[in-house]
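Examining the three-dimensional arrangement
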Amino acid sequence: MEIAVGRGLQVLAFSGSSFHGMTSVAVKAINWTARTGPSLRPCTTVVQAQQRPTWLPGLDPPPYLDGTLAGDFGFDPLGLGEDPESLRWYVQAELVHARFAMAGVAGILLTDLLRVTGIRDLSVWYEAGATKFNFASTRTLLIIQLLLMGFVETKRYMDFLNPGSQAKPGTFFGIEAALEGLEPGYPGGPLLNPLGIAKDIKNAKDWKLKEIKNGRLAMVAMLGIFVQASVTHVGPIDNLIEHLSNPWHKTILQTIAASSS
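Residues numbered from 1 in each chain as written. Predicted model: local features only at pLDDT ≥ 70, side-chain atom pairs only at ≥ 80, totals over all residues. Heavy atoms only, no water.

So, the packing of aromatic side chains
For the structure on display, the rule yields seven aromatic pairs. With a centroid separation of 4.7 Å and an interplanar angle of 90°, the aromatic rings of W55 and F75 are classed as edge-to-face. Highlighted residues: W55 in the loop between β4 (39-53) and α1 (84-117) and F75 in the loop between β4 and α1, separated in sequence by 20 residues. A relative accessible area of 37% means that W55 is categorised as partly exposed. Between W125 and Y126, the aromatic rings sit 5.6 Å apart at their centres with planes inclined by 85°, giving edge-to-face as the arrangement. By way of ring pairs, the aromatic residues W89, Y157 and F160 are connected into one cluster. The ring of F160 has R88 lying over it, and the distance from NZ or CZ to the ring centre is 4.1 Å. (Phe/Tyr/Trp six-rings, centres within 6.5 Å; stacked < 30°, edge-to-face > 60°. Helix = DSSP H or I, 4+ residues; strand = E, 2+ residues; numbered from the N terminus. Buried < 20%, exposed > 50% of the residue type's maximum accessible area, 1.4 Å probe, protein only. Lys NZ or Arg CZ within 6 Å of the ring centre and 35° of its normal.)

Comments concerning the environment of G104
Structurally, the position occupied by G104 is in helix α1. Given a relative accessible area of 23%, G104 falls into the partly exposed group. Expressed as a C-alpha distance, the spacing of G104 and M219, which sit 115 residues apart in the sequence, is 9.2 Å.

Some points on the nonpolar core
Residues L95, A98, Y186, A198, I201, A204 and I212 constitute the largest nonpolar core, which totals seven residues. A101, V105, I108 and M222 belong to the second largest nonpolar core, which has six residues in total. (Core = buried A, V, L, I, M, F, W, Y, C linked by side-chain atoms within 4.5 Å.)

Topic: the pattern of salt bridges
Across all of its chains, the model carries eight salt bridges by this definition. Note that K208 and E183 form a salt bridge whose closest N and O atoms lie 3.0 Å from each other. Remark: E183 occurs in the loop between α3 (176-179) and α4 (189-192) and K208 occurs in helix α5 (residues 205-232); sequence separation between them is 25 residues. Look at K208 and you get buried, because its relative accessible area is 14%. Through salt bridges with shared partners, a single network forms among D112, R115 and D238. (Salt bridge = Lys/Arg side-chain N within 4 Å of Asp/Glu carboxyl O.)

A look at the UniProt feature "binding site: chlorophyll b" (unreviewed entry) in the chain
Within this numbering scheme, the UniProt entry marks R99 and L179 as carrying the feature "binding site: chlorophyll b" (unreviewed entry). In this structure, R99 sits in helix α1. With sequence-adjacent residues up to four places away left out, R99 is seen in contact with G185, Y186, P187 and E211. Apart from the residues lying within four places of it in its own chain, the contact partners of L179 are F172, P187, G188, G189, L191 and L192. (UniProt positions renumbered as here; feature names shortened; annotations may be inferred. Contact = heavy atoms within 4.5 Å.)

Concerning the UniProt feature "binding site: chlorophyll a 1" (unreviewed entry) in the chain
The sites that UniProt annotates as "binding site: chlorophyll a 1" (unreviewed entry) are E94, H97, K210, E211, N214, Q228 and H243. You can see E211 is positioned in helix α5. The exposure class assigned to E211 is partly exposed, which follows from its relative accessible area of 21%. Not counting residues up to four positions away in its chain, the partners in contact with E211 are L95, R99, M102 and Y186. At 2.7 Å, the side chain of E211 and the side chain of R99 are in polar contact. Ignoring sequence-local partners within four residues, the contact set of H243 consists of K250 and T251. (Polar contact = N/O pair within 3.5 Å; in protein donor to acceptor, adjacent residues only side chain to side chain.)

Now the structure itself:
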């Protein structure tokens, strides 16, 4: 069989979705002409590119969210990341908020568990800020916290503006090697990465994805804890115990109805 490919080649690029709508698929249709013996016939070849998950079934992600960022599922309904510099800032902001949320959720659950079980005499988490300490006054602790957090956040912001600048000798009291900054938002070294996980941060996509997923879940959990405390005026462990005591009648619906009545 003799086949000759014509000179004309037309490529039509368009986007589609999988049957279940869980992935965004880039597809190319290539139209070409083939000669089979004495006759010519048109042919079309469809090429499917790499699939990627999206946050909403059937919705194509914006072009500036191309899947290269950790946890990028094309979610930006307000178009906040259209400007590259703004997107770079939002990535770092989300990462910091995610880490604070993970630490906050762990701290609230642990201290609430110790309080409910009677192991320690602790205040419920939303009253912890009013606790008085004998070793220092509230004003002293506030000033120390402002100085320490202000210093750390300033260093982080300077590294954001000029990546790698805060890892130079003499920029952090001579202990720069102990921190070993990997890239903005991902400090390392024995102090902040004692287990040596993801030393090659450029190829640590799985670790980055796990961190941001857990961080987003923690931010949602913090929002739930805030609302729970506002409505029920108790801690999350107390809420859990009350729900488990009567799962069919102690739910969020009954709690909201009781609080509004």
